[in-house]
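Notes for the structure review
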Amino acid sequence: GAVVSQHPSWVICKSGTSVKIECRSLDFQATTMFWYRQFPKQSLMLMATSNEGSKATYEQGVEKDKFLINHASLTLSTLTVTSAHPEDSSFYICSRRVRDEQFFGPGTRLTVL
Amino acid sequence: GENVEQHPSTLSVQEGDSAVIKCTYSDSASNYFPWYKQELGKRPQLIIDIRSNVGEKKDQRIAVTLNKTAKHFSLHITETQPEDSAVYFCAKEYGNKLVFGAGTILRVKS
């Protein structure tokens, strides 16, 4: 199966700062990657679809200016949480699809103080 | 539409007993239905999946059944063990995306 890595695994930041999370596809090139958010004791909610070389597609209710996605290469997608607030504290997980299957990164735990 | 309903939200079973989790959906276009197991703080791990051209799939103690007419699919775990305790999510494809159920907390008591 596909190998997906994320960095950092956890981050603590002050309110108002920006945080960048990297998602790498280590074995296959990925023209499309997905970003999910998971609040405690809740399910995974798709935030956006990251498209290599073009704009990301955001799900309804997700602010594109707050969650900046860049997919500049076939192996790297980044999610930047801008002007983070405590309510942005969550588990952020990226994934890539191989045929039908989704392979998830290990996730990034973001805590905003 | 996009949603997947998952039940129950929590399930406690005695070690050795079976556990069944059920998901229902409403659209007819979905053809791929995976199940994930997630341990605390970890990524979801695919444990079994089923495609719409079959009605049942089994992998050792885990099985999934699919009823496309009734639009529901179920996860069956037999001979449960304490290490099966985790959160289980059903999902279905929607376009090129996955839509997840709300999750079931499974506790296996020894």
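Each remark here, short or long, concerns the structure printed above.
Summarised in this report is the structure supplied together with it. Sequence order as written defines the numbering, with residues in each chain counted from 1. Note on labels: chains are lettered from A, ligands numbered from 1, in written order. Only residues with pLDDT of at least 70 get local features here, since the model is predicted, and only at 80 or more are side-chain atom pairs given and counted; chain-wide, interface and lining totals rely on the full set of residues. Only hydrogens and water are set aside; all other atoms, that is, all heavy atoms of the structure, feed into the side-chain values.

**With respect to the sheet that holds strand 1 (residues 4–7) of chain B**
Residues and elements named next belong to chain B.
- A pair of strands counts as paired when DSSP detects no fewer than two bridges linking them. Each helix corresponds to a stretch of at least 4 residues labelled H or I by DSSP, and each strand to a stretch of at least 2 residues labelled E; elements are numbered beginning at the N terminus. An order of 1-3-8-7-6 is seen for the five strands of this open sheet, with the pairing classed as antiparallel. Both edges of this open sheet fall to strand 1 and strand 6 (56–59), since each of them pairs with a single strand only. Averaged over neighbouring strand pairs, the angle between their axes works out to 15 degrees when direction is ignored.
- Here four bridges tie strand 1 to strand 3 (residues 19–25), and the two strands are oriented antiparallel to one another. Note on geometry: axes are C-alpha line fits, over the in-contact stretch for helices, and angles between N-to-C directions span 0 to 180 degrees.

**Description of the side chain of D49 of chain B**
- Looking at the secondary structure, you find D49 of chain B in strand 5 (residues 45–51).
- Throughout this description, buried means an accessible area under 20% of the type-specific maximum (1.4 Å probe, protein chains only), exposed means over 50%, and partly exposed covers the range between. Looking at D49 of chain B, the relative accessible area reads 5%, which means it is buried.
- Nitrogen and oxygen atoms within 3.5 Å of one another constitute a polar contact, given that in protein one can donate a hydrogen and the other can accept it, and given that sequence-neighbouring residues count only through two side-chain atoms. In this structure the side chain of D49 of chain B is engaged in a polar contact, spanning 2.8 Å, whose partner is the side chain of K57 of chain B.
- If sequence neighbours within four positions are ignored, D49 of chain B has contacts with E101 of chain A together with Y32, F33, P34, K57 and V64 of chain B. What makes two residues a contact is simply this: any of their non-hydrogen atoms within 4.5 Å.

**Some thoughts on the layout of surface pockets**
- Computed over the protein atoms alone on a 1 Å grid, cavities are sets of points where a 1.4 Å probe fits but cannot get out and pockets are open sets with protein on both sides within 12 Å along at least five of seven lines; a residue lines them when it has an atom within 4 Å of a point. Grid points are joined across faces, edges and corners, and a volume is the space filled by probe spheres set on the points. Computed from the structure, the largest pocket encloses a volume of approximately 1,000 Å³.
- Q38, Q42, S43 and L44 of chain A together with F89 of chain B are the residues nearest the centre of the largest pocket, which is lined by 41 residues in total.
- Residue assignment for the lining of the largest pocket shows that the elements contributing at least two residues are strand 4 (32–38) and strand 5 (45–51) of chain A together with strand 1, strand 9 (86–94), strand 10 (97–100) and strand 11 (104–109) of chain B.
- Of the residues in the lining of the largest pocket, the class split is 18 nonpolar, 13 polar and 10 charged.
- Quantified by volume, the second largest pocket comes out at close to 150 Å³.
- Every residue lining the second largest pocket is listed: A2, V3, V4, E101, Q102, F103 and F104 of chain A together with Y36, R43, P44, Q45 and L46 of chain B.
- Contributing elements (two or more residues each) for the lining of the second largest pocket: strand 10 (101–104) of chain A together with strand 5 of chain B. Ten residues, namely Ala, Val, Leu, Ile, Met, Phe, Trp, Tyr, Cys and Pro, are considered nonpolar, four, namely Asp, Glu, Lys and Arg, are considered charged, and the remaining ones, Gly among them, are considered polar.

**Section: the packing of aromatic side chains**
- Whether two aromatic rings pair depends on their centres lying within 6.5 Å, for rings of Phe, Tyr and Trp, where Trp uses its six-membered ring; planes under 30 degrees apart make the pair stacked, over 60 edge-to-face, and the rest tilted. As enumerated under the stated definition, the model contains 10 aromatic pairs over all chains in all.
- Measuring from centroid to centroid gives 5.6 Å for Y36 of chain B and F100 of chain B, while their planes differ by 50 degrees, and the two rings are tilted. A residue pair is termed long-range when its members are at least 10 positions apart, and Y36 of chain B in strand 4 (residues 32–38) and F100 of chain B in strand 10 qualify at 64 residues.
- Given a relative accessible area of 1%, Y36 of chain B falls into the buried group.
- Pairwise contacts between aromatic rings join Y36 and F104 of chain A together with Y36, F89 and F100 of chain B into one cluster.

**Comments concerning the pairing of strand 10 of chain B**
Residues and elements named next belong to chain B.
- Across the two faces of strand 10 the burial is the same, with K97 and V99 and L98 and F100 all buried.
- In this structure, strand 9 lies alongside strand 10, joined through four bridges in antiparallel fashion. Residue pairing in the sheet places E93 in a bridge with L98 of strand 10.
- Hairpin remark: strand 9 followed by strand 10, antiparallel, with two residues in the connecting loop; positive phi at G95, about 70 degrees.

Nothing here speaks to function; it is all geometry.
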